[in-house]
Amino acid sequence: MSTTLNTSPKLDGFRMPAEHEPQDQVWMAWPTREDNWREKGKHAQAEFVAVATAIAQSTNVTFIVDAKHYEQARTALPDQIRVIEIPSDDCWMRDIGATYVVNDLGERRANSWQFNAWGGELDGLYDSWEQDNAVAEKMAMVTGDPVYQVPLILEGGSIHVDGEGTLFTTEECLLHPSRNPHLGKNDIEDLLKAYLNVEKIIWLKDGLYNDETNGHVDNIMHVIRPGVVALTDCDDSDDPQYAISKAALKVLSETIDAKGRALEIIKLPLPGPLFVSEDEAQNLLESDSMNRQAGERLAASYANFLITNKSIIFPTFGVKTDEQAREILQKAFPEFTVTGVYARNILLGGGNIHCITQQVPIKCAV
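The text that follows walks through the structure, step by step, so that each part is easy to find. This is a predicted model, so every value here is computed, not measured.

## Side note on the pairing of strand 6 (residues 108-114)
The buried count for strand 6 comes to six of seven residues, which makes it a mostly enclosed element. Pairing analysis gives four bridges linking strand 5 (residues 99-102) to strand 6, with the strands arranged antiparallel. Looking at the pairing, Thr99 lines up with Asn111 of strand 6. Linking two consecutive strands that pair antiparallel, namely strand 5 and strand 6, is a turn of five residues; a positive phi of about 80 degrees is found at Gly106 within it. Note: strand 6 against strand 7 (residues 147-153), four bridges, orientation parallel. For Asn111, the partnering residue across the bridge sits in strand 7 and is Tyr148.

## A few points about helix 2 (residues 42-55)
For helix 2, which comprises 14 residues, the first-to-last C-alpha distance of 20 Å matches the rise-based estimate of 20 Å (1.5 Å per residue) to within 8%. Of all the positions in helix 2, only Ala44, Gln45, Glu47, Phe48, Val49, Val51, Ala52, Ala54 and Ile55 are classed as buried.

## Brief notes about the sheet that holds strand 15 (residues 311-316)
Spatially, three strands are ordered 14-15-16 in an open sheet, and the strand pairing comes out mixed. Each edge of the open sheet is held by one strand with a lone partner, namely strand 14 (306-308) and strand 16 (337-342). Averaged over all pairs of adjacent strands, the angle between their axes in this sheet comes to 25 degrees, without regard to strand direction. Pairing of strand 15 with strand 16 involves six bridges; the strand directions are parallel. From the neighbouring strand, Phe314 faces strand 16, where its bridge partner is Gly340. Contacts from helix 2 reach strand 14, strand 15 and strand 16 within the one sheet, and its direction differs from that of strand 16 by about 170 degrees. The strands touched by helix 10 (residues 321-332) are strand 15 and strand 16; relative to strand 15, the strand with the most contacts, the crossing angle is about 160 degrees.

## Quick notes on the pattern of salt bridges
Taken as a whole and judged by the stated rule, the model has 19 salt bridges. If you follow the salt bridges from partner to partner, you end up with Asp162, Glu164, Asp257 and Arg261 in one network.

Parameters and conventions
- Residues numbered from 1 in each chain as written.
- Predicted model: local features only at pLDDT ≥ 70, side-chain atom pairs only at ≥ 80, totals over all residues.
- Heavy atoms only, no water.
- Buried < 20%, exposed > 50% of the residue type's maximum accessible area, 1.4 Å probe, protein only.
- Helix = DSSP H or I, 4+ residues; strand = E, 2+ residues; numbered from the N terminus.
- Pairing = 2+ DSSP bridges.
- Expected span 1.5 Å × (residues − 1).
- Axes fitted to C-alpha atoms, helices over the stretch in contact; angles between N-to-C directions.
- Contact = heavy atoms within 4.5 Å.
- Salt bridge = Lys/Arg side-chain N within 4 Å of Asp/Glu carboxyl O.

Listed below in structure tokens is the structure:
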């Protein structure tokens, strides 16, 4: 069993490092849920393998999978990728995995948030999420780190930090009545400050249009480095994303971060808009909550990329803006390797590369 801690990271001198800081490993989970992944997940699995293979060029990768699909995952994944048997209800490791914190003495600990499938009984995406809610603690057992059990329903994709005291999130998600209706905005800020050791929280109003996570921040923006962020932009005033992106731009343009810096904002193009095709809506088990309809707008975004050990792994969709996004990201990360991975089938499941990964920072004394 992991050691459960009764204090908080802030009290203990731990902080959540930014994604651009050195990482020990990246965790993922094998997609098999048949009401979310068509044709028993075979299309998504191929893209998960491609993402993992790209990450493994710079960072160790660990996959979790249930016993029934263990051999399938082990056979499909390259030998250097570790596969371990831990069950989950779906495969969004960003949201179900542990969020790690570190201190300056070379120690690491894990936050286990409470998880309710993006909305619980009010608007959750499935009825049972007990296995997902147990993943973070099991993950911490494997990495050998003590655990804080955080009294807050929160998904990892709903927060970004810069590692220097600033956190970004959206009101749409963290203040949604399906998460923590008993808590006010100040209560939530207090918990985020206590468990991530941040000083300032920058609230965007909404996330990406038609994002079924209730607007996760990681699907509309990303932290490039302290003082610099990337934001999904939209130039079409008739697109419902236009007003959302312009409102986010206004907030980011008018704020300062925890260190008093004005933010440099790098604009990423909006891919598409993209929609579910007739074929893509077929071969899914029926679901009351995840009902994929042909013609439904997809929440596609280039901001949903992973930073890992001098590498950028970003989603591509086979559209003309892919190369533009690559060029923008390469300019933003001049010393990094930028790799695009075709990820339309991951998108069809409701997220993308950042959503299916969770990094574990290294234990490093500064």
